[in-house]
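# Analysis of the macromolecular model
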Amino acid sequence: MSDVKGYAATSELSGLAPFSFQRRTPRADDVSIEILYCGVCHTDIHFAENDWGRTNYPVVPGHEIIGRVTAVGNDVNQFTVGELVGVGCMVDSCRSCPSCEQGLEQYCREGMTPTYNGEDRIDRLRTYGGYSERIVVSERFVVRVPDKLDPAAAAPILCAGITTYSPLKHFGVGKGHKVGVLGMGGLGHMGVKFARALGAEVTIFTRSEAKVAEAKKQGADHVIISTDPEQMAAATESFDFLLDTIPVHHDLNPYLSTLKVNGTHILVGMIEPIEPTVHSRNLIGKRRILTGSLIGGMPETQEVLDFCAEHDISCDIEMLDIHNINEAYERMKKGDVKYRFVIDMKSLKDA
């Protein structure tokens, strides 16, 4: 075991503060990583404040991790000391169920082991995330960061990026398709970039006129103000796909009406009961699909990093000192970040 510094929440109201804990002694298949950057996901806030009622305190958030390999176990053959690598939302799975055998570890029958607020499958110790100096992870759950990518801007690709890339690839989005992206935060702006790179015509749905120029800057071909009844009516049966990145309750029915026959509405942002109720007529009447998608498996996570390098895609970020993390959380709640905070872990040494 080794002593590690990090930042943790110790209760629903505590906020985040310096916290010392221990990482496990590396196993034969482990990669030891010095953390350089860690993205700040809205999920981190949910767990820090126990919004979903399943936080085990203390919790060290962070699942968008970029770092440098400092040591490898005897059985590791994919990574060497000094390489730049990433760790995303999970650090283990059963590895033997049908999903795991297909490289879809996020859908593990036994449930994936999350990077934080989880329990190690072998020693039953708590998993702690990337708001920390170092992490130890099985080789299978580590990805290589292409040299062409900026390391800091690559961090959010491990959550926001893979969350939007995976469903677009799975459902075959490509040239000739019209894609609507709902919401323009950390997930939404990445969804626009990926859909464009895949060859689709992309429209952003936003509630605010003030965001039209920014949506165009991000690469959207068109913008629809979702609060404008005339614009929504004009969009009826226009889209092949909707990528829904909105993280809070919203009425799906008006958006479903903008899908063509056989269109697909993909939920990636909201992990709560759907309210208000979806009217079945909006599905049955046009044979539409309402579906969801969760991050991506390890092969696809490597694929999205390589795709970003090939197409010169990165996340728009604002660098953050870790001692400002609580203020950053408050800004995120107000939507005051374009579009992802990334912690420079050098600041942890001075915290």
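For the structure given in this document, a descriptive report is provided here. (Residues numbered from 1 in each chain as written. Predicted model: local features only at pLDDT ≥ 70, side-chain atom pairs only at ≥ 80, totals over all residues. Heavy atoms only, no water.)

Turning next to the overall build of the protein. Helix and strand counts for the protein come out as 12 helices and 17 strands. Across its three principal axes, the protein shows a C-alpha extent of roughly 60 × 40 × 35 Å. For the protein, the residues scored as buried account for 55% of the 351 residues in total. Long-range contacts, defined here as pairs at least 24 residues apart, represent 67% of the contacts in the protein between residues at least 6 apart. With the model as given, the accessible surface of the protein reaches about 15,200 Å², and the carbon-plus-sulfur share is 49%. One way to put it: in the protein the 36 positive side-chain charges average out to a point 3 Å from where the 47 negative ones average out. (Helix = DSSP H or I, 4+ residues; strand = E, 2+ residues; numbered from the N terminus. Buried < 20%, exposed > 50% of the residue type's maximum accessible area, 1.4 Å probe, protein only. Contact = heavy atoms within 4.5 Å. Areas by Shrake-Rupley, 256 points an atom, 1.4 Å probe, with all protein chains shown as cover. Lys, Arg positive; Asp, Glu negative; His and termini not counted. Charge placed at Lys NZ, Arg CZ, Asp CG, Glu CD.)

All right, on to the packing of aromatic side chains then. Tallied over the entire structure, the rule returns 10 aromatic pairs. With a centroid separation of 5.2 Å and 50 degrees between ring planes, the pair formed by Tyr165 and Phe307 is classed as tilted. With a gap of 142 residues between them, Tyr165 in helix α4 (residues 160-170) and Phe307 in helix α10 (residues 298-311) connect regions that are remote in the sequence. Take Tyr165: its relative accessible area is 1%, and that puts it in the buried class. On the basis of relative accessibility, which here comes to 10%, the residue Phe307 falls in the buried class. (Phe/Tyr/Trp six-rings, centres within 6.5 Å; stacked < 30°, edge-to-face > 60°.)

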